[in-house]
Amino acid sequence: SPDQRWEMRTGETTDCARIVHLIDQTGNYAAERMRVDFVANASHELRTPLASILGFIETLGEEAGADPAIRTRFLKVMFDEARRMQRLVEDLISLSRIEAEKYRLPPDAVDLAAMIREVRDEIEDSGHARASDVELDIDDATPRITGDRAQLSQLIHNLVGNAMKYGRSQTPVTIRLAAEPSGMVRLSIVDEGEGIAPEHIPRLTERFYRVDAGRSRSLGGTGLGLAIVKHIVERHRGRLDISSRVGVGTTVLIVLPPADNVATVEAGVIKG
Ligand code: ADP
């Protein structure tokens, strides 16, 4: 049976795998496999910068540490590695919080148009973008949605962040907001960047899935951004659609139910 096979495997692997197995004995082999992979990936992602920091501390304690120029350079590397760990831990915490709230209806009536403008201003103030980098195409008549303010803001930040990271520097990122004739709210983030080959698209929302891990890391990515986006969209009973063409650009579309319809969606009338 799958469970016996599982026992054999966990016997051979790490303590992490065994603990995960003990926590979840629902017998769902695929889900457990995914969870074990997740723990293994997360541990690995944390271990690499940690090992690097420890190595630099050791070297600083030796003769090389007496040289101020070397000290400054090493401290900079250690700071960057620690920041990388911090981003990862923050994303892991976000992900588990969002999952924990999965079945709780979001509490706020959210005006996405206002939120998009706020996020755009935050990005500009953070110095990561020039004013022309993020263009808005907003229909102010778009209805409010029932949402979780902090999560929706994180969703927009993650998507605009990706669009800027993987976009070409001279091309704009556009955030569009409008209502469909059906009343559903459409939010899209459009970039004219490198694009994504079709075989990768179905896997992008998996935790730690990256088209080019080295490139993502050097751009400060954790590999969890789109997994977080997917969970936020699910909690809001929405739909996520990523379309892309290599060398042309990427559009991430999110369709969300308007505030008045959330109860109906809950009842299963609009679902699907
Ligand atoms: P990361 O932290 O690596 O950006 P994400 O989960 O946000 O992690 O995205 C997963 C991967 O999807 C990225 O590593 C990148 O390869 C690809 N990707 C995401 N957004 C875009 C985009 N707008 N254009 C091109 N590739 C993208």
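Residues numbered from 1 in each chain as written. Predicted model: local features only at pLDDT ≥ 70, side-chain atom pairs only at ≥ 80, totals over all residues. Heavy atoms only, no water.

- An unreviewed UniProt entry lists the protein under the name histidine kinase, with Sphingomonas oligophenolica given as the organism.
- Note on the protein: under the UniProt heading Catalytic activity (unreviewed entry), the record states "ATP + protein L-histidine = ADP + protein N-phospho-L-histidine." (UniProt positions renumbered as here; feature names shortened; annotations may be inferred.)

1. Section: the overall build of the protein
For step 1, the next point in the chain: A tally of helices and strands in the protein yields nine helices and seven strands.
For step 2, the next point in the chain: Counting the 272 residues in the protein, one finds 39% classified as buried.
For step 3, the next point in the chain: For the protein, the exposed surface amounts to about 15200 Å²; the carbon and sulfur share of it is 54%. (Helix = DSSP H or I, 4+ residues; strand = E, 2+ residues; numbered from the N terminus. Buried < 20%, exposed > 50% of the residue type's maximum accessible area, 1.4 Å probe, protein only. Areas by Shrake-Rupley, 256 points an atom, 1.4 Å probe, with all protein chains shown as cover.)

2. Thoughts on the environment of R168
For step 1, the next point in the chain: Here R168 shows up in the loop between α6 (149-165) and β4 (173-179).
For step 2, the next point in the chain: Its relative accessible area of 42% is what places R168 among the partly exposed residues.
For step 3, the next point in the chain: C-alpha separation for the pair R168 and D148, spaced 20 residues apart in sequence, amounts to 31 Å.
For step 4, the next point in the chain: Apart from residues no more than four positions distant in its own chain, R168 is found in contact with E192, G193, G247 and V248.
For step 5, the next point in the chain: Separated by 3.5 Å, the side chain of R168 and the backbone oxygen of G247 make a polar contact. (Contact = heavy atoms within 4.5 Å. Polar contact = N/O pair within 3.5 Å; in protein donor to acceptor, adjacent residues only side chain to side chain.)

3. Looking at the nonpolar core
For step 1, the next point in the chain: Of all hydrophobic cores here, the largest spans 43 residues; its most connected members are L112, L155 and I156.
For step 2, the next point in the chain: Excluding residues within four positions of it along the chain, L155 makes contact with L187, V229, I232, V233 and I254.
For step 3, the next point in the chain: By size, the runner-up hydrophobic cluster in this structure holds five residues, among which are I53, L60, F74 and M78. (Core = buried A, V, L, I, M, F, W, Y, C linked by side-chain atoms within 4.5 Å.)

4. Some words on helix α4 (residues 68-100)
For step 1, the next point in the chain: In this model α4 runs 47 Å from its N-terminal to its C-terminal C-alpha over 33 residues, within 8% of the 48 Å that 1.5 Å per residue would give.
For step 2, the next point in the chain: Residues of α4 that are buried: F74, M78, E81, M85, L88, D91, L92, S94, L95 and I98.
For step 3, the next point in the chain: If you follow the buried residues of α4, they end up packed against α3 (29-61), α6 and α8 (225-235). (Expected span 1.5 Å × (residues − 1).)

5. Brief notes about the site of the ligand
For step 1, the next point in the chain: Near the ligand lie 19 residues; those nearest to it are Y166, D191, S216, T222 and L226.
For step 2, the next point in the chain: Between T222 and the ligand, the recorded distance is 2.8 Å, taken from a backbone N or O atom to an oxygen atom.
For step 3, the next point in the chain: In the model, an oxygen atom of the ligand is placed 2.8 Å from a nitrogen or oxygen of the L226 main chain.
For step 4, the next point in the chain: Of all elements in the fold, only α6 and α8 reach the threshold of two or more residues within the shell around the ligand.
For step 5, the next point in the chain: Among the residues forming the shell around the ligand, the class breakdown is eight nonpolar, eight polar and three charged. (Near = heavy atom within 4 Å. Nonpolar A, V, L, I, M, F, W, Y, C, P; charged D, E, K, R; others polar.)

6. Focus on the packing of aromatic side chains
For step 1, the next point in the chain: The full count for this structure, using the stated rule, is two aromatic pairs.
For step 2, the next point in the chain: Between the aromatic rings of F56 and F74, the centroid separation amounts to 4.7 Å while the plane-to-plane angle is 75°, which identifies the pairing as edge-to-face. With F56 in helix α3 and F74 in helix α4, this pair connects stretches of sequence that are 18 residues apart.
For step 3, the next point in the chain: Over the face of the ring belonging to F38 we find R207, whose NZ or CZ atom lies 4.4 Å from the ring centre. (Phe/Tyr/Trp six-rings, centres within 6.5 Å; stacked < 30°, edge-to-face > 60°. Lys NZ or Arg CZ within 6 Å of the ring centre and 35° of its normal.)

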